[in-house]
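A closer look at the structure
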Amino acid sequence: MGLLSFTLLILGLFQLVSAQQNTDPNEVAALRTLINYWNLGSKINLTIDPCNQNASWTSEDSNPRVACDCSSNICHITHLKIYALDIKGEIPKELFELKELMDLNLGQNVLNGSIPAEIGQLSKMQYLSLGINNLTGAVPPELGNLTQLNSLSFSSNNFFGPLPKELGNLTSLQQLYIDSSGVSGAIPEEFANLKSLQILWASDNRLTGKLPEYFGTFTEFRDMRLQGASLEGPIPSSFSALTKLEDLRIGDLRGEASSLDFLDSQTSLSTLSLRNCRLSGQIPERIGKFTNLKYMDLSFNKLTGQIPTSFRGFSSLQFLYLGNNNLSGELTEDMITPELIALDVSFNPLSGNLPTQFAKTKSINVVGTSINANGLQDNKVSGMLNCIQGKTKCKNKGSSTSFSIKCGGTAQKSASGIEFDDDSEALGAAALYTSTDEQWAVSNAGNFISNPKGNRYVAMTDSQITETLESELYKTSRISPSSLRYYGLDLKNGKYSVELHFAEIEMEDSSSWKGLGRRLFDAYIQGEKVLEDFNIQKEAGGSKKALVKTFEANVTNTIMEIHFFWAGKGTCCIPYQSTYGPLVSAIHASQAAGASSSRKHVGQIAGIVIGAVAGVVILSSVFYLWWKKDPQGHMRIFTDSPRKPLK
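Residue numbers restart at each chain and count upward from 1, following the sequence in its written direction. The model is predicted, so local features are restricted to residues of pLDDT at least 70 and side-chain atom pairs to those at 80 or more, both for listing and for counting; the totals for chains, interfaces and linings are taken over all residues. With hydrogens and water stripped out, all remaining heavy atoms of the structure feed into the side-chain values.

1. Re the overall build of the protein chain
Along the protein chain, the regular secondary structure elements total five helices and 45 strands. Each of the 647 residues in the protein chain was classed as buried or not, and the buried ones make up 57%. Here, residues are in contact when the closest pair of their heavy atoms is within 4.5 Å. Considering only contacts in the protein chain between residues 6 or more positions apart, those separated by 24 or more positions represent 56%. In this description a helix means any DSSP run of H or I spanning at least four residues, a strand means any run of E spanning at least two, and both kinds are numbered starting from the N terminus. For every residue, the accessible area (1.4 Å probe, protein chains only) is compared with the maximum for its type, and the residue is labelled buried under 20%, exposed over 50%, or partly exposed between those bounds.

2. Some words on the pairing of strand 16 (residues 247–250)
Residue alternation in strand 16 divides its side chains into two sets, Asp247 and Arg249 and Leu248 and Ile250, and both sets are buried. Note that strand 14 (residues 223–226) and strand 16 share four bridges and pair parallel. In the sheet register, Asp223 faces strand 16, and the bridge partner there is Asp247. We treat two strands as partners when DSSP finds at least two bridges between them. Note: strand 16 against strand 18 (residues 271–273), three bridges, orientation parallel. Bridge pairing in strand 18 links Arg249 to Ser273.

3. What to know about the confidence of the model for the protein chain
The pLDDT score gives, residue by residue, the confidence of the prediction method on a 0 to 100 scale. Model confidence for the protein chain is summarised by a mean pLDDT of 86, while 83% of its residues fall at 70 or above. This stretch, residues 597–647, has a pLDDT under 50; its non-local contacts, to residues over four places away or in other chains, come to 123 contacts.

4. Examining the sheet that holds strand 28 (residues 412–413)
Within the open sheet, the six strands sit side by side as 28-29-27-41-35-38. Their pairing is mixed. Whereas interior strands pair on both sides, the edge strands pair on one side only; in this sheet they are strand 28 and strand 38 (547–555). With five bridges connecting them, strand 27 (residues 402–407) and strand 41 (residues 586–591) associate as antiparallel partners. Directly across from Ser402, in strand 41, lies its bridge partner Ser590.

5. Concerning the packing of aromatic side chains
Only Phe, Tyr and Trp rings take part, Trp by its six-membered ring, and two of them pair if their centres are within 6.5 Å. Stacked means planes under 30 degrees apart, edge-to-face means over 60, and tilted covers everything else. All told, the structure shown has 23 aromatic pairs when counted by the stated rule. Note on Tyr433 and Trp440: the rings are 6.2 Å apart at their centroids and 70 degrees apart in plane angle, and the pair reads as edge-to-face. Here Tyr433 and Trp440 have matching classes, each one buried. Centre to centre, the rings of Phe521 and Phe534 are 5.6 Å apart; their planes meet at 85 degrees, and the pair counts as edge-to-face. Of this pair, Phe521 sits in strand 36 (residues 521–525) while Phe534 is found in strand 37 (residues 528–534), placing the two residues 13 residues apart along the sequence. A single burial state applies to Phe521 and to Phe534, both of which are buried.

6. A short note on the side chain of Thr337
As for its placement among the helices and strands, Thr337 is situated in the loop between strand 23 (329–330) and strand 24 (342–344). Ignoring anything within four residues of it in the chain, the contact list for Thr337 reads Phe311, Arg312, Phe314 and Leu317.

7. Things to note about the sheet that holds strand 32 (residues 458–460)
Across a sheet, paired strands are connected by hydrogen bonds in the backbone, their directions being either parallel or antiparallel. The strand order across the open sheet formed by three strands is 32-33-40, and the pairing between neighbours is antiparallel. Both outer strands of the open sheet, strand 32 and strand 40 (583–584), are each paired with one neighbouring strand and no more.

8. Thoughts on the pattern of salt bridges
For this analysis, a salt bridge means a side-chain nitrogen from Lys or Arg found within 4 Å of a carboxyl oxygen belonging to Asp or Glu. The tally for this structure, following the rule as stated, stands at 19 salt bridges. Linking Arg286 and Asp264 is a salt bridge whose minimum nitrogen-to-oxygen distance equals 3.9 Å. On the criterion of sequence distance, the pair formed by Arg286 in the loop between strand 19 (280–281) and strand 20 (295–297) and Asp264 in the loop between strand 17 (254–255) and strand 18 is long-range, its members being 22 residues apart. In this structure, Arg519 engages Glu506 in a salt bridge whose closest nitrogen and oxygen atoms are separated by 2.9 Å. Here Arg519 is found in the loop between strand 35 (494–502) and strand 36, whereas its partner Glu506 is found in the loop between strand 35 and strand 36, with 13 residues between them in sequence. Residue classification places Glu506 among the buried positions, given a relative accessible area of 10%. Residues participating in the shared-partner salt-bridge network are Asp223, Arg225, Asp247 and Arg249.

9. Examining the pairing of strand 2 (residues 76–81)
Here strand 1 (residues 65–69) runs beside strand 2; their pairing, made up of five bridges, is antiparallel. Each residue of the ladder has a partner; that of Val66, found in strand 2, is Leu80. Turn length for the strand 1-strand 2 hairpin, with the two strands adjacent in sequence and antiparallel, is six residues. The sheet contact formed by strand 2 and strand 4 (residues 103–105) spans three bridges and is parallel. The partner of Lys81 across the bridge, within strand 4, is Asn105.

10. Some remarks on helix 2 (residues 25–37)
End to end, helix 2 covers 18 Å across 13 residues, agreeing with the expected 18 Å (1.5 Å per residue, within 8%). For helix 2, every residue scored as buried is listed here: Glu27, Val28, Ala30, Leu31, Leu34 and Ile35. Looking straight down helix 2, one finds that the buried residues subtend no more than 165 degrees of arc, so they occupy a single side. Pointing more than 90 degrees away from the buried face of helix 2 are the exposed residues Pro25, Asn26 and Asn36. Tucked into the core, helix 2 has its buried residues touching strand 1 and strand 2. Polar contact criterion, stated in full: a pair of N or O atoms within 3.5 Å, where within protein one must be able to donate a hydrogen and the other to accept it, and residues adjacent in sequence count only if both atoms are side-chain atoms. In this structure Asp24 caps helix 2, since a side-chain oxygen of it lies 2.8 Å from the backbone nitrogen of Asn26. The positive-phi residue at the C-terminal boundary of helix 2 is Asn39, with phi of around 55 degrees. One less than the residue count of a helix, multiplied by 1.5 Å, gives the span that helix is expected to have. The arc in question is the one traced by the directions running from the helix axis out to the C-beta atoms.

11. What to know about the environment of Thr434
Here Thr434 lies in strand 30 (residues 430–434). Taking the C-alpha atoms as reference, Thr434 lies 9.4 Å from Asp423; in sequence the two are 11 residues apart.

12. Let's talk about the side chain of Ser273
Here Ser273 is to be found in strand 18. Apart from the residues lying within four places of it in its own chain, the contact partners of Ser273 are Gln227, Leu248, Arg249, Ile250, Tyr295 and Asp297.

13. Points about unusual backbone geometry
Backbone torsion omega between Asn63 and Pro64 reads 5 degrees, so that peptide bond is classified as cis. By secondary structure assignment, the location of Pro64 is in the loop between helix 2 and strand 1. Going from Gly233 to Pro234, the amide bond is cis rather than trans, its omega being 5 degrees. Along the polypeptide, Pro234 turns up in the loop between strand 15 (232–233) and strand 16.

14. With respect to the environment of Pro212
Residue position: Pro212 is located in the loop between strand 13 (206–208) and strand 14. Through-space distance from the C-alpha of Pro212 to that of Pro236 is 7.5 Å; in sequence the pair is 24 residues apart. Not counting the four nearest positions on each side in its chain, Pro212 is found in contact with Ile187, Pro236 and Phe239.

15. Side note on the environment of Gly428
Relative to the assigned elements, Gly428 resides in the loop between strand 29 (419–423) and strand 30. Counting along the chain gives 65 residues from Gly428 to Ser363, while the straight-line C-alpha distance between them is 5.4 Å. Not counting residues within four places of it along the chain, the set of residues in contact with Gly428 comprises Ser363, Asn444 and Tyr457.

Next comes the structure, spelled out in structure tokens:
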């Protein structure tokens, strides 16, 4: 009996070894070529069969990973993962010998060249990820042959040209990630066939044309992100059918105005961002009944009317951004629920009183309103707001000819003798801070939704900064996920020179996938756009290199505004989640010698204006206005700089 058991054991081991070694020889040869080409020999030792069940690379957590289907007499490689290992070079043609592949993940590497047309031979593919690489060329139409695909990602690459209409053949597709991929042109009509889509990330591309009406038929949509493209409104009314949406982010639309009428039964929404979408009309009362909504950003639009009374019981809402609209009425105390963490209602003709407890414990921004801010914990902020709103006399109004700020860091004296003020105060998701000497202020609106480290508004590095004798000046920076404003206060009127100091200290300058990030943002001085799609790293010639941009600006009412604005462009998640938005290291503004005020300027900031015309009192709760004569000689008033036409 013992001898029989021993014999059976030997036979079983022999059969097991035979099965493990029975991988298709063409696939073994192809995999060996790939491993050698990508220098992965130390991680996958092909002295044993790649489908050996005891191999270290077979488990789901392995990276690299090779997994197989051995249900027939011959094993076939079905899963290949080489993720974030900085493999370089092009995609070898040998890859397409693995014709049974169902899951291919080559994401977060440094692959270059184009996607070979032969990829269309992998007809059994269900999950394909090529995101965060350095791939170029056109997106191959042969991807449309992969009709079993559930998930497709080629985000964060350098493709060009339109999306191939053949992608409309992927009727099983549930997830499509094409953000920051470089594609351009209209979204093909053939995409109307993608009825199974649940997730679409398409931000930061050069897509044109109107938002497709047929997106409203994608009733399985849970997550849709379309920010920073060149798409046009209006937001189709058909979107009202998207009742399963949990995360909706549309931004930076052009063309026709949109309304919020499509928001009807989206009660599953947790994140709603419709920032800079040319929204008009009123905020519907029914939004206050979206009991899962935690984050809402409707800023930089043209919304009117009052904040809905239904917001008084909005117990789920934690972050609310309504800045830069035309909302009126009172901000009543019961609209600010205990769950609310941050509130931005800046640049709206709103009134009312801040609840003392909320003002002292929460993050709030009410600049550019008539809201009574006496309850703010920072008395200097309250005093500044009262000054610019005309409630109290401004201290030493018009007494300064310069201001200098070490953005995000402690005070520092430069080699040339400039005293840069401390700006190390912690900012919140909706915040306003005034300097100790009350000569400047800074405000922030927005929070990094996906950042697992929580809110942070300062970037830091210990590395030396090159191209400057002032390395320490650039080792900290203010950053913002949305809108960052600096105000020079109590300035003498006249012409000023404005120096903006930059150094990219978050995005790496390396040959790794971590060096593939792109930060893009805009900058305005006195309402005039002076930087558009500004890329510090590109202009400076690399990371951790100092760059100074100098501009002229006029001050005519003692206030200067410098506005850094994220328009939805640039990568979102390289080298880590929520790496995007404006970044500035320091600011120095000084009056030019012999300068005098002039009304022939590109724009001006004004405080709250209270005037009487024909006996009618008009309250204008606006922190700044900028004026420019049109050809007919009329005065035009702009109240939100991102709405100014692009040049």
